[in-house]
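Results of the structural survey
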Protein chains: 2
Amino acid sequence: MKVELSTDREAGRRRVVIENVQPEIDCGRFAIKRTVGERVVVRADIFVDGHDRLACLLKYRTAADEHWNEVRMEPLVNDRWEGEFCVEELARYFYTVEAWVDRFDTWQKDLAKRVQAGQQVPVELQMGTEMIRAAQQRADGQDADRLGWYADVVGGEGSEAERIAAALSDELAVVMAAHPDRRYSTTYRKELPISVDRQRARYSTWYEIFPRSTSAEPGRHGTFRDLERLVPRIADMGFDVLYLPPIHPIGFAFRKGPNNARVASPDDPGSPWAIGGREGGHKSIHPELGDLDDFRRLVKAAGEHGMEIALDIAYQCSPDHPYVQEHRQWFRERPDGTVQYAENPPKKYEDIYPFDFESDQWRELWNELKSVIFYWIDQGVRIFRIDNPHTKPFRFWESLIEDVKDRYPETLFLAEAFTRPKVMYHLAKLGFTQSYTYFTWRNTKHDLVEYFTTLTKTEVREFFRPNLWPNTPDILNEYLQFGGRPACVTRLVLAATLGASYGVYGPPLEFCDVQPREPGSEEYWNSEKYQVRHWDFDSPDSLRDLMRRINRIRHDNPALQTDLHLDFHPVDNHQLICYSKQSDDKKNLVVVVVNLDSNHTESGWVDLPLAELGIAADRPYQVHDLLGDGRYLWDGPRNYVELNPHVLPAHVFQIRRHVRTEQQFEYFM
Amino acid sequence: MKVELSTDREAGRRRVVIENVQPEIDCGRFAIKRTVGERVVVRADIFVDGHDRLACLLKYRTAADEHWNEVRMEPLVNDRWEGEFCVEELARYFYTVEAWVDRFDTWQKDLAKRVQAGQQVPVELQMGTEMIRAAQQRADGQDADRLGWYADVVGGEGSEAERIAAALSDELAVVMAAHPDRRYSTTYRKELPISVDRQRARYSTWYEIFPRSTSAEPGRHGTFRDLERLVPRIADMGFDVLYLPPIHPIGFAFRKGPNNARVASPDDPGSPWAIGGREGGHKSIHPELGDLDDFRRLVKAAGEHGMEIALDIAYQCSPDHPYVQEHRQWFRERPDGTVQYAENPPKKYEDIYPFDFESDQWRELWNELKSVIFYWIDQGVRIFRIDNPHTKPFRFWESLIEDVKDRYPETLFLAEAFTRPKVMYHLAKLGFTQSYTYFTWRNTKHDLVEYFTTLTKTEVREFFRPNLWPNTPDILNEYLQFGGRPACVTRLVLAATLGASYGVYGPPLEFCDVQPREPGSEEYWNSEKYQVRHWDFDSPDSLRDLMRRINRIRHDNPALQTDLHLDFHPVDNHQLICYSKQSDDKKNLVVVVVNLDSNHTESGWVDLPLAELGIAADRPYQVHDLLGDGRYLWDGPRNYVELNPHVLPAHVFQIRRHVRTEQQFEYFM
């Protein structure tokens, strides 16, 4: 306060207060997230002493812009104001708020009251004239002429009625508002950041596959070329991100055998996450997968089919990684001179050496790890799935993502952090584009509603973009183990419709391979993590058609491409969950009903809030099940549903409704 | 982020994250409020990558301290930590949080797990020894000796069992924790302010009286000497603040007559808020009240009876105020050369000239207005009730209160802002010690519960200290008009028990003078604002005894001296409201039940959450009605109450209970 008064000569006359600007993450320390073309709606408490009227602007610019764009904010209730704009560039944006006492507007409104009360207003007209003349000085061209004309009339010799009519005219209000006196305006003390990504950051559909399990001949180690042949098939199913576990040379030291056996036979391929061997480390390719040219061909083939390759970046080393020899100081040394392996006492993971981020050479380490990303960017990769980011320092990630996006703003990072909520949120705040979630373990209606309400109805929605996975190579949830094929379908539909971004650990889900390593385990029997598998991609038992259909539905319905407008609705059966999603412009509305019981047919009455969903209450409306292709005529809020999990456990309804817009009724699908 | 990395050589190794520190008002822009002796409980989200254990400190100091005091924080759940301290000085305090990875603690806990799993730990013992030796370097005296001894044992030649026992000992943990390695600690990026006031800021009991209405002889204008004779009477009733409307010379121009008549007769005394006349302005005393010596005597007499004088500061002028001649530039000039009077179009208040805070001479104006406060401070006044602060700029108040409290930190300011909630909250944030509230208009159970929940269960409680008034010279609520004496009692008891600070516009409430100027008006008939009144202070109809009793109850029960622990409890009758208050140490518990119906006896069943209130559920407990003096034995959560408003509309129960403390059952009243 004192500082302001001494540095700002007019601080004492800046009477307007601006506070509680939202969104604002941790006092502006972190950016909110948007994608190109999305809206940013900003609200703020803005008020002044006394009864003067205010003019409030929402201001925004990209980091490169010198000047602010300005949008007028409108009052809501209780001193809250709102404005909005669209972000159009792949850039970092900033926004802030400016407001001032609008003396002319105050005067005009007061004049109307005086006139209505039958008061004489000669002095008031003089005051207005002075303000119009002052605005005339600030204006030029046509506006200056108009203001001159108004000043002449309002301050002139005409009848009082004539002068008042001019003074109260809407045109004068508009021209005056265009040339305000902003000398004593207040600007919010922070410029709040927005991280703007490309659209795939918001809406993406992932298919994870182990390249080594893609050979057409059983027993042979798969290659990038094998995977390349599968690209059209996966693209045809509607996936747009093809995500590969680590593709680097695999260490031999302490290599694990099938089903995580402590000892591997010489033929066992080892885990792709035990990165680094004599053939190289994080910038090398496992020779059995092919070479760099093969990889580039794969990237290109994917691109030609509208897909991108996502690479798994796991910053850890096998004892055979070249770093261990060349940069011993990046690892912690034990007092006996050996290198510290990974541990979670009493468990030991002797095949993995973690980096020592507290090393004296932390800067060199950071730079090398960043260079890994740039290396793969040079090979055409723009999406990285980061393995266990929560076991490396937060500042490292913030710095890495900042550096990468400075040069390649189109780059996307998915955080594979299955850990405590605040750690997950923090990783998202500091820059991760998307995040894995607890979805995999949220299988009951109560848990799903609670979790997705937190993700989409709180501040979390501004920085945390969920990417939902029914399964991963590390997580075979017991819901899938016990529910079999219906459960796989249920979880697929939930992921695809609850989340604008979702992914599948492809072959196991597609082929309903849900056998655990042992009862109570979330590991797969014969997990691909430790061995090469062979999948029959032509099997008629595949969920391929269903995946194609649900991804097509996502493609056709903008409501499913955003997480901003998700609402849960009551059903009088706790095994049935119902929710709606709407596009940001509210034109597209999808209502989903899913049977969470993988064994039995369930039925119940769905209760939709018609007014909130923009459905006219006085006429029937058609619901079109895009998944099962049924069409039903519904009437009123309560309607009956019945779902047999062995046929199809879900409805994905597109709602055809009459929507009232400002001008007219429009018919939207 | 980038800046930190370039300016802090170790930024990359500071792995701990501290965020969401609470309380924190508007990102630390404003101070939380406490009184001397009160606790400050601070919570923060603190976490680190990986699985290392943390050490977290809450740090605090006064503005004058060079060094921080440090208190260990303890983990709650979900990465939340908590610490607390007491503020002991009348000063501005700051607090912040520091945390670091506690490698020794991590090591000790891991060692225990390894040992339990039967692992060999020779290398681990070496690692521990190194850490103990490093701590020994940081320690001195006895601690250094102990650490040396432990290093010798843990790293020595003894049996592994012996070495492990020493390594895991609690004593070692304690000594190591006293000499931590804080090189890579993280300190929260803000130092959050606390405004510490004296206790009367939190707990005060106000009696408002017009000095001119205190003469013992009907018809004579009262004086400070008359009021002085009433001081013992008012003090005996348990009030500790005697608050006077403006005591300055009253202007003649446009003076209002009785009941706000537009024209006054020559004998009419005018409104004390039309400040300034030929005898002076804000630093002068209305001659009919006495002189400065009389005023000082009054201040002294009040002090001798444990009371303080509070002055009403209304920054506005009658047209006769000396400022209007001497500082014409502090007022807005109308184009016709006249001074702008107060308006709320179409209403005109020609007897009042507001200051023009946008004047070119705003700094001179501010300084003069501040000097008014200092003038009365020099006369012994330390409490100011500020009239309509919401019609003067916020920054002015912030600057004024800062300047005054820099020199006289014991000064208290009560904001008389009856306006929109955010404006009221903002005035509290920027420094007002206490605030008027909407209490006067909250007369139903629903409204009371909703309002007081907002005031005491949200962040508002950190900066907004409510001062509750059943009535003021401007507000005679219709609840009082229609409810008569029982309503006066009800509102008195509500104010005195819902708020740690409350006040009464004394004589009208005491004598139940509740006749409005006209139906629908909140003005009094024959309001003291415009005329001298005479009160029979010996009248047997006075609520004097009740006021004495309720104020005594407040004095004896710390639960009623704080607003931090107010909880509402269900009653199955919407005319009965029930709430409890507890002292901060939870030792004192008061349960209040009030009949809001001023006409009829109401009864119902009160439902108390025994566990939350620390009442043992398995035995009866005594409730002692301190107001009516009844004693009842209650049993279980649900108990019957019946209140006749014409006898006493409220119970104020002190609860005698067995409270379980950590060590034993204690018996508290």
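Please refer to the structure placed before this passage.
Our subject in this report is the structure included herewith.

1. Regarding the nonpolar core
Counting residues in hydrophobic clusters, the biggest one holds 151 residues, and the most contacted among them are I46, L244 and F295 of chain B. Examining the composition of this core, we find that eleven residues originate from one element, helix α14 (residues 478-498) of chain B, more than from any other. L546, I553 and L648 of chain A together with V17 of chain B belong to the second largest nonpolar core, which has 150 residues in total.

2. Remarks on the relation of the copies chain B and chain A
The relation between the two chain copies is a rotation about an axis coupled with a shift along that axis. Expressed as a screw transformation, the operator carrying chain B onto chain A has a rotation angle of 180° and an axial translation of 0.0 Å, and the superposed copies differ by an RMSD of 0.1 Å. What the rotation and shift describe, once combined, is the action of a two-fold rotation axis. For chain B, the smallest separation between a C-alpha atom and the rotation axis is recorded for C27 of chain B, amounting to 2.9 Å. Comparing contact sets, 100% of the residues at the interface of chain B also lie at the interface in chain A, consistent with an isologous, same-surface contact.

3. As for the interface of chain B and chain A
Contacts between chain B and chain A engage 74 residues on the former and 74 residues on the latter. Interface of chain B and chain A: buried area, both sides summed, is about 6,800 Å²; carbon and sulfur atoms make up 50% of it. Counting every contact that joins chain B to chain A gives 16 salt bridges. Among the ionic pairs, E19 of chain B bridges to K429 of chain A, the shortest N-O distance being 3.2 Å.

4. Some points on the state of the cysteines
The full count for this structure, using the stated rule, is one disulfide over all chains. A sulfur-sulfur separation of 2.3 Å characterises the disulfide bridge that pairs C27 of chain A with C27 of chain B. Residues C27 of chain A and C27 of chain B are joined by a disulfide whose S-S torsion is about -100°; by sign, that bridge is left-handed. Here C27 of chain B lies in the loop between β1 (17-22) and β2 (32-35) and C27 of chain A lies in the loop between β1 (17-22) and β2 (32-35), a pairing that spans two chains. Look at C27 of chain A and you get partly exposed, because its relative accessible area is 21%.

5. Here's the deal with the environment of R61 of chain A
All names here are of chain A. Looking at the secondary structure, you find R61 in strand β4 (residues 54-62). Distance in space between the C-alpha atoms of R61 and E191 is 9.8 Å, their sequence separation being 130 residues. Among residues more than four places away in sequence, those in contact with R61 are H67, W68, N69, R92, Y93, F94 and E191. Polar side-chain contacts of R61 include one of 2.8 Å to the side chain of E191.

6. Re the packing of aromatic side chains
The final tally for this structure, using the stated rule, is 92 aromatic pairs over all chains. Between W149 of chain B and Y150 of chain B the ring centres are 4.9 Å apart and the planes differ by 85°, which places this aromatic pair in the edge-to-face class. In this arrangement the basic side chain of R255 of chain A is found over the ring face of F252 of chain A, its NZ or CZ atom lying 4.0 Å from the centre. Geometry around W149 of chain B places R146 of chain B over its ring, the cationic atom sitting 4.8 Å from the centre.

7. Describing the side chain of H286 of chain B
Tracing the backbone shows H286 of chain B in the loop between β12 (241-244) and α8 (292-304). Residues within four places of H286 of chain B in sequence aside, it is in contact with H221, I247, H248, P249 and I250 of chain B.

8. What about helix α10 (residues 362-378) of chain B?
Residue and element names in this part refer to chain B. Its 17 residues give α10 an end-to-end C-alpha distance of 24 Å, which sits within 8% of 24 Å, the value for a rise of 1.5 Å per residue. Taken as a whole, α10 has its buried residues at W362, L365, W366, L369, K370, V372, I373, F374, W376 and I377. Backbone geometry just after α10 places G380 at a positive phi near 105°.

9. Here we look at the environment of R491 of chain B
Residue and element names in this part refer to chain B. Relative to the assigned elements, R491 resides in helix α14. Spatially, the C-alpha atoms of R491 and F85 are 36 Å apart, while their sequence positions differ by 406 residues. In contact with R491, other than residues within four places in its own chain, are F439, T440, R442, N443, L448, P470, Y479 and L480. Within the local environment of R491, its side chain forms a polar contact with the backbone oxygen of R442, the two atoms lying 2.8 Å apart.

10. A few points about the sheet that holds strand β6 (residues 74-75) of chain A
Overall, antiparallel pairing links the four strands, which are arranged β1-β3-β7-β6 (chain A) in an open sheet. Of all strands in the sheet, those with a lone pairing partner are β1 and β6 of chain A, marking the two edges. Looking at chain direction, strand β3 (residues 39-47) of chain A and strand β7 (residues 80-86) of chain A are connected through seven bridges and run antiparallel. Bridging from a neighbouring strand, R43 of chain A pairs with E82 of chain A of β7 of chain A. In the packing of helix α12 (residues 421-429) of chain B onto the sheet, contacts are made with β1, β3 and β7 of chain A, and the angle to β3 of chain A comes to roughly 70°.

Reading guide: rules and limits
Residues numbered from 1 in each chain as written. Chains lettered and ligands numbered in written order. Predicted model: local features only at pLDDT ≥ 70, side-chain atom pairs only at ≥ 80, totals over all residues. Heavy atoms only, no water. Core = buried A, V, L, I, M, F, W, Y, C linked by side-chain atoms within 4.5 Å. Buried < 20%, exposed > 50% of the residue type's maximum accessible area, 1.4 Å probe, protein only. Helix = DSSP H or I, 4+ residues; strand = E, 2+ residues; numbered from the N terminus. Least-squares fit on C-alpha atoms with pLDDT ≥ 70 in both. Contact = heavy atoms within 4.5 Å. Buried area = accessible area lost by both parts, 1.4 Å probe. Salt bridge = Lys/Arg side-chain N within 4 Å of Asp/Glu carboxyl O. Disulfide = S-S within 2.5 Å. Polar contact = N/O pair within 3.5 Å; in protein donor to acceptor, adjacent residues only side chain to side chain. Phe/Tyr/Trp six-rings, centres within 6.5 Å; stacked < 30°, edge-to-face > 60°. Lys NZ or Arg CZ within 6 Å of the ring centre and 35° of its normal. Expected span 1.5 Å × (residues − 1). Pairing = 2+ DSSP bridges. Axes fitted to C-alpha atoms, helices over the stretch in contact; angles between N-to-C directions.

Just distances and angles here, no functional claims.
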